Protein chains: 2
Amino acid sequence: MRHPAGCPVLETTLSLCPIGDGLRGEGAPDRKDRLARACRQVGHLSTRRRRQRQERVTLEDVALAANVSSITVSRALRNPEKVTPELRDRILRHVAEMGYVPDFAARALASRTSGMIGVLSPSLANYAFISVMRGIEDRVGMTDLRIQYANTGFEPDEQVKQLRLFLSQNPVGLIVVSGVESPQLLDILAQAPCPIVQALDIASAPIGMAIGIDNRIASETATRHLIERGYRRIALFSGGPAIHAYPRLAGYRAVMEEAGLFDPALVVQHQGHSSVSLGGHLIDRLFRQAPDADAAFCLCDDVALGAIFECQRRGIRVPEDFGICGYHDLDFASVSVPTITTVRVPRYDIGFRAADKLLRAVAGGKTVSSVVDVGFQLVERETTARRSER
Amino acid sequence: MRHPAGCPVLETTLSLCPIGDGLRGEGAPDRKDRLARACRQVGHLSTRRRRQRQERVTLEDVALAANVSSITVSRALRNPEKVTPELRDRILRHVAEMGYVPDFAARALASRTSGMIGVLSPSLANYAFISVMRGIEDRVGMTDLRIQYANTGFEPDEQVKQLRLFLSQNPVGLIVVSGVESPQLLDILAQAPCPIVQALDIASAPIGMAIGIDNRIASETATRHLIERGYRRIALFSGGPAIHAYPRLAGYRAVMEEAGLFDPALVVQHQGHSSVSLGGHLIDRLFRQAPDADAAFCLCDDVALGAIFECQRRGIRVPEDFGICGYHDLDFASVSVPTITTVRVPRYDIGFRAADKLLRAVAGGKTVSSVVDVGFQLVERETTARRSER
DNA sequence: CTGTTAGCGCCTTCAA
DNA sequence: TTGAAGGCGCTAACAG
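Residues numbered from 1 in each chain as written. Chains lettered and ligands numbered in written order. Predicted model: local features only at pLDDT ≥ 70, side-chain atom pairs only at ≥ 80, totals over all residues. Heavy atoms only, no water.

**Student:** Talk me through the sheet that holds strand E3 (residues 173-177) of chain A; I want residue IDs and the actual numbers.
**Tutor:** All names here are of chain A. Judged by pairing direction, the sheet is parallel, and its six strands sit side by side in the order E2-E1-E3-E4-E5-E11 without closing on themselves. Of all the strands in the sheet, the pair left with one neighbour each is strand E2 (146-151) and strand E11 (370-373). In this sheet, neighbouring strand axes are inclined to one another by 15° on average, regardless of whether the strands run parallel or antiparallel. Contacts between helix H14 (residues 347-364) and the sheet are confined to strand E1 (116-121), E3, strand E4 (196-201), strand E5 (209-213) and E11, with E5 contributing the most and set at about 170° to the helix. (Pairing = 2+ DSSP bridges. Helix = DSSP H or I, 4+ residues; strand = E, 2+ residues; numbered from the N terminus. Axes fitted to C-alpha atoms, helices over the stretch in contact; angles between N-to-C directions. Contact = heavy atoms within 4.5 Å.)

**Student:** Tell me what's going on with the pairing of E5 of chain A, and back it up with residues and numbers.
**Tutor:** Residue and element names in this part refer to chain A. In terms of burial, E5 is largely enclosed, as five of its five residues are buried. Every second residue of E5 is oriented toward a common face, with Met209, Ile211 and Ile213 on one face and Ala210 and Gly212 on the other, all of them buried. Where E4 lies against E5, five bridges are found, and the strand directions are parallel. From the neighbouring strand, Leu200 faces E5, where its bridge partner is Gly212. Relative to E11, E5 is paired through four bridges, and the arrangement is parallel. Opposite Gly212, over in E11, you have Asp373 as the bridge partner. (Buried < 20%, exposed > 50% of the residue type's maximum accessible area, 1.4 Å probe, protein only.)

**Student:** Requested: an account of the UniProt feature "domain: HTH lacI-type" (unreviewed entry) in chain A, with residues and values cited.
**Tutor:** Here, UniProt's "domain: HTH lacI-type" (unreviewed entry) annotation points to residues 57-111 of chain A. The span residues 57-111 of chain A shows a helical share of 71% and a strand share of 0%, and its end C-alpha atoms are spaced 20 Å apart. (UniProt positions renumbered as here; feature names shortened; annotations may be inferred.)

**Student:** Describe the pairing of strand E6 (residues 234-239) of chain A, naming the residues involved and giving the relevant values.
**Tutor:** Residues and elements named next belong to chain A. Of all six residues making up E6, six are buried, and the element is well covered by its neighbours. Side chains of E6 alternate between two faces, with Ile234, Leu236 and Ser238 and Ala235, Phe237 and Gly239 buried alike. Note: E6 against strand E8 (residues 295-298), four bridges, orientation parallel. Among the inter-strand pairings, Phe237 is bridged to a residue of E8, identified as Cys298.

Shown next as C-alpha cells:
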C-alpha cells in the first residue's frame, strides 16, 4: 500500500555549498532609531558606522537602550551579583524586550574559553554508545558547559578529521568513547591542550584518563562460560571493524587456544554496524564455514538477537543445540525469548563518571593520568542455560 | 560473577564547575624565539605584549615564521587559488610544522558565519531518529559545514533551552527532527535568523520548510489494516509524551471511533522512551485494563517486539490470538519471529533530503516555505497475518 | 558598583 | 598577488 503522495525524487543537483554562502540578513527596520539615539550618546561613536545591513542585537545595543556601558550589561547577564538589583532588572528587561542573544563566538574569543566539551564516539546507531552518552549528558548538564558530539563511524580518517574540528573550537575537555586505535589519533590527542578522558575501554593504550572495563578480560570470561556450559565449536560474531573489536577478539582467541578449540573458521566478522539482521546473516555464513558450530559469542546483543531469530527459523534449538552469548546487556536481553546471556557493562555509569572525571580535571587545571576499571558482570540467562556436558 | 575491580563509588562532591575555570595553559618554550624574530619585523609590534602564558599558535605566528602577512596565510589556507603555488607550499609547510590550528570562534566572529548547522532531535536513544540523523550527516558531509546535535528528551523546556544555545552560535541553518509542539518553541523558531527545516513529521504546524510523512494518515492506515484483518479490540501502545505522539493518536482514534470500536481502556501510554522491555509492560497493563484486547498498534517497533515476547511468554499466539502492528520498520522488524507488520517511514531519505533542502535555502539566502510528503508504506508481515474474519 | 581601555584571532575591505 | 588597517561582539584588567 502506497501513500498517495507517491515517491518524489531528489531535486537534481546537489550543490556543495561552501561555508558562508548567502548568509547576509536584511536590514532591521527599527535599527535606525537606536542608532540615532546612539549618536546622542558619548563614547559610542564607533557604533555608528558598522552594521549597515546587519540584524543582530549586540550587548552595546542593549547598553545604549539602558543607558549604561556594555560591560555592565555583560555583568548583569553573567555575574548578576555584581550589579545593583534595580539596574540589573532594568537591563534584563531591555534584554528580553530587544531579544538579545549572546554571541558565543565573541564570548569564546574574548574569554579564551569555549565552554564546550567534545564527545567523540564511533557510532550513534548503537544503544551501547548511546547509554554512555546519556551518562555524560546528565553529568555535564549539571554545569554550564555544552556538549558537542561527533561520530566517526569507526573510521580512523573520520576520527582524525572530527578531532581536528574539535580542537579548532578550543574544547574545555574531550571524551573519547571506545578505544583509541589509530596512532595518528593518539598523536593528536597527546598534544591536545585540554584534558581527555577515554570511556568504555581501558584495554587500549590510554592517553590521559580512562574509565571503563577491560574488554579483553570480559571477552575471556564470556568465552570461558560457553566452554563451561559444554559448548566446543564456539563461533565469534563481530560487527564493526576488526580494530575496534580487537581486545575482545584477543580475549576470545586466547581462551579458545588455551582450550585447544580455536579455529579460524569459527570467526565471522562483518565490516559495518552491528544490527539484529546482521545476526541472521552471520549465522548463515557460520554454518557454511563450520556446519558443526554449536555456539556463538556475539560482540553485541543485537547480533545475538538476530542469531536467535535465525536459529528459530532453522529449527535449531537455543540453548540445547546452539548456545548464544551477547555483549552489553541491552534493554531487550532480559525480556527476549529466550533471554540472552550477556556481559553487562555499566555504560551509563561509565559515561557519567567519565564526564565527572573530566570536569574535575578541567576545574583543577591538571590532568592526572588514571585508569579506572568499573568492572563488568556476566549475566547468565537462557541462551546458554543447558546442563553442562563437560 | 563480578569482575575483581569491584564496584567503585563516585568520588564525593560533584562540583558544578562553571564555564572557564582553570583553563590557562602553561607557556610554550619555543615562543621566545619567535617573539624575538617578531621584534625584528616591522608592524607586528602588537604581538610582543600579548601572550604571556598562552600557547595557541596563531595565524600571525605562522605569518611571522613564513615572512608574510597573516592575511596571506589565511588565504593560503582558505582560498589556496589566490596565492602563488610556491608561496602556498611554503606557508603550508610552516603551518604543519608549527601545528597551527585555526580558531573557529575567531573565524566565526570575523566572518560573521559559524559554518554550523544545528540539529534538534528529541532523542538519541531511538533508531528512528538516528536514521534521520545519518541522512542529514551524509548530506551535510558533502559540504564544509559542521553539524551540532542537541537532544531534548522530549521535554519542551529542554527544547527551548537547546534552541537558545543554538541561536547563540549563529547557526547557518536548523533542522528540527520530529514535530514542533510547544508554542514557545514555535515562537523562537519563527524569529530565528536562519532557514529551518522540520523533518519527519509534516502534520504539526510547520515553520519554514518541512519534509516527512503525515503521521496521522499513516496511523489511520495502520489502524484500518488491523480492523480489516478482523481485530476489534485494538489497543494503542505509546511511549514518549502524548504530545509527541499526538498525530498518531488522533489517527488511531478517528478510525476506531468511525468503526465504533474506540475505548479509552485500550489506550496504554507511558511517559518515557520506548523500548523493547516497555512493550512487555504495556501488554501487562493492557490485559489488566482490557482483558479482551485482541491487537495492539505500537507507535514504535521496539515496543511491538517487546509485546511479541510477552505474548510468547503468556502463551498468546501472534497473530492468531493477538495482532501486532509496529511503526518505523526498524531493522529487526523483517527478521524477528514472527516478522512485524509495520509502517515503513523512509527515515534516512527524510534526513538526507531535509539537509538538502536546508542547504539550498542557505545557499539561496531565502527560505521558501514548503512541505514535502515523502509518503509511507504499510508493510504487511506475520504479526497481522491471520485470515480476515470480517 | 560602574566605566574605560584594549585586545581575543581572524577576515573584510581597500590600497599597492 | 600581497599587504595594511580596522572591526566582528565580547570580556579581562584596571580605574574611578
